[in-house]
Every structure is written in C-alpha cells, then in structure tokens.
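Residue-level listing of the chains:
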Amino acid sequence: MGISVVSMDSTEYAAAVADKARTALESAGENIHSAARKTGIPRTTLDRKFNAGKGIQALTVRELFDIASLAGTTAHELAEVYLVAEDAA
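Residues numbered from 1 in each chain as written. Predicted model: local features only at pLDDT ≥ 70, side-chain atom pairs only at ≥ 80, totals over all residues. Heavy atoms only, no water.

A. Up close: the packing of helix H2 (residues 32-39) against helix H3 (residues 43-50). Two numbers describe how H2 lies on H3: the axes approach to 9 Å, and their chain directions differ by 130°. Relative to H3, H2 is oriented oblique. Considering how the two elements wind past one another, H2 and H3 form a crossing that is right-handed. Counted together, Ile32, His33, Ala35 and Ala36 of H2 and Arg43, Leu46, Asp47 and Phe50 of H3 form the full contact between these two elements. Classifying every residue of the contact of H2 with H3 gives 5 nonpolar, 1 polar and 2 charged. (Axes fitted to C-alpha atoms, helices over the stretch in contact; angles between N-to-C directions. Helix = DSSP H or I, 4+ residues; strand = E, 2+ residues; numbered from the N terminus. Parallel < 35°, antiparallel > 145°, perpendicular 65-115°, else oblique. Left-handed = near helix turned anticlockwise from the far one by under 90°. Contact = heavy atoms within 4.5 Å. Nonpolar A, V, L, I, M, F, W, Y, C, P; charged D, E, K, R; others polar.)

Laid out in structure tokens, this is it:
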C-alpha cells in the first residue's frame, strides 16, 4: 500500500490554504473578528475567504503573511498543502 499525491485545481488549493489558515488562527486563540482587528484585513474579507465559496477567492500573499504572523507560523507552512490518496495496490 503506497501513497500518491492527488492533483487539485486552484480552487481546491485556495480552499485548502484558507482552511489551514483558519485552523492556525483558531489554534492561536484568534477568531475572525480579532484577526481582522489585529491584521487590518477587513472582517468581511476574511469571512468571505474563509467561509463563502470555498476557494473561489484565494487569500492574497500579503493576507497569508499577516495571518501567519498572527498565528505564530509562516506563510510557507500555511501554503504547504497536500492531498494524498492511498493506492489500491
């Protein structure tokens, strides 16, 4: 039984990065309201990018850096997303 990387389109990738960023904020004790206040990113923007459309509008690089800084991680860590599937063999 091996592991292979599954391809994903840009919408799936953007949604996965947003999920990872939201989880990192929550782990750091932040919610959308506090993150908006501390990063200067409008709450409606964060709400839209984290919840609505699931990846239709991706986080910008600047937003990702700001969120990563607040969450105590790096933008690289948040952007590193893998979907894996187990091989049937």
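B. How the structure looks around H3. Of the residues making up H3, those classed as buried are Thr45, Leu46, Lys49 and Phe50. For H3, the arc enclosing every buried residue in end-on projection is 115°, short of the 170-degree limit, so these residues lie on one face. Of the surrounding secondary structure, the elements contacted by the buried residues of H3 are helix H1 (10-27), H2 and helix H4 (61-71). (Buried < 20%, exposed > 50% of the residue type's maximum accessible area, 1.4 Å probe, protein only. Arc of directions from axis to C-beta.)

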